[in-house]
Amino acid sequence: MKTGIIIAIFLITLGGMSPAHAQTPWEQLFQSTFFNETIYEEAQCTFNVLRYLRMAKSQGLDLRKIQAIEIIDNLHDFIYAKNCRSSNGMDPTKNWYHHVILKAGNTILDYDFTNRPTPTAVQVYFNSMLKSERMKADRQRCLHEIRNIKLRIYNGTDYLRYYDDKVRASSVNRQEIMLKDTGWMCQ
């Protein structure tokens, strides 16, 4: 009995979801499109998110209730990402100049995170995707290594307007925050 409880706790912690977690429409759409070649294209995160948002809009979902988050290194350095999806199976690491994900409530939806559709709690996601073993061992090192990573956060409607309608950045509502200031990493 204890073994079963321990395994359940491990699986819940890994995925970041509770056993009674009811899937949101955002998660259902993400999981149903994860392997869809008309939605997902490797190394095209911006377009993957745009295609997802267009499909969500066509299904009548309120795009103001989901966020598109651009992860950008301010120094034009590379973001070292782990647990990445790859057409050749799992690619343990990738280096990106920028990456785009979706956030629905406290859940991250990322077409490039693992090779299976895994809606993941925000802190679990950032610590699994961006945190190296060195960073896990030392909070100060973690804060130092993410010091230049900026997040641009849009609601889904504004993200589509910015890219589809080509409106100027000044006319869309977006928030910019440094990753180190979110509390999502380096606890």
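Located above this text is the structure these notes cover.
Below: a short report on this structure. (Residues numbered from 1 in each chain as written. Predicted model: local features only at pLDDT ≥ 70, side-chain atom pairs only at ≥ 80, totals over all residues. Heavy atoms only, no water.)

1. A closer look at the state of the cysteines
Then, number 1: Within the structure shown, the criterion is met by one disulfide.
Then, number 2: Disulfide pairing places Cys142 opposite Cys186 at an S-S distance of 1.8 Å. Judged by the sign of its S-S torsion, about -75°, the cystine formed by Cys142 and Cys186 is left-handed. Within this pair, whereas Cys142 is found in helix H6 (residues 139-145), its partner Cys186 is found in the segment after strand E8 (174-178), the two being separated by 44 residues in sequence. (Disulfide = S-S within 2.5 Å. Helix = DSSP H or I, 4+ residues; strand = E, 2+ residues; numbered from the N terminus.)

2. Here's the deal with helix H7 (residues 156-164)
Then, number 1: Residues of H7 that are buried: Gly156, Asp158, Tyr159 and Leu160.
Then, number 2: Of the surrounding elements, those touching the buried residues of H7 are helix H3 (45-58), strand E1 (67-73), strand E4 (98-104) and strand E7 (149-155).
Then, number 3: Where H7 begins, the side chain of Asn155 points an oxygen toward the backbone nitrogen of Thr157, at a separation of 2.9 Å.
Then, number 4: Just beyond H7, the residue with positive phi is Lys166, at close to 55°. (Buried < 20%, exposed > 50% of the residue type's maximum accessible area, 1.4 Å probe, protein only. Contact = heavy atoms within 4.5 Å. Polar contact = N/O pair within 3.5 Å; in protein donor to acceptor, adjacent residues only side chain to side chain.)

3. Quick word on the sheet that holds E7
Then, number 1: Taken together, the six strands give an open sheet; going across it, the order is E6-E5-E4-E1-E7-E8, and neighbouring strands pair in antiparallel fashion. One side of each edge strand has no neighbouring strand; the edge strands of this open sheet are strand E6 (120-121) and E8.
Then, number 2: As judged from the five bridges shared by E7 and E8, these two strands associate in the antiparallel manner. When the sheet's bridge partners are listed, Lys150 is paired in E8 with Met178. (Pairing = 2+ DSSP bridges.)

4. Digging into the pattern of salt bridges
Then, number 1: A complete count under the given rule lists nine salt bridges for this structure.
Then, number 2: Measuring nitrogen to oxygen at the nearest pair gives 3.5 Å for the salt bridge that ties Glu70 to Arg152. With Glu70 in strand E1 and Arg152 in strand E7, the pair connects residues that are 82 residues apart, well separated along the chain.
Then, number 3: Here the salt bridges share partners, and the residues they tie into one network are Glu70, Lys150, Arg152, Arg174 and Glu176. (Salt bridge = Lys/Arg side-chain N within 4 Å of Asp/Glu carboxyl O.)

5. Here's the deal with the side chain of His99
Then, number 1: Checked against the element boundaries, His99 lands in strand E4.
Then, number 2: For His99, the side chain forms a polar contact with the side chain of Asp110, separated by 3.0 Å.
Then, number 3: Each residue touching His99, except ones within four places of it in the same chain, is listed here: Cys45, Ile69, Glu70, Ile71, Asp110, Asp112, Tyr125 and Met129.

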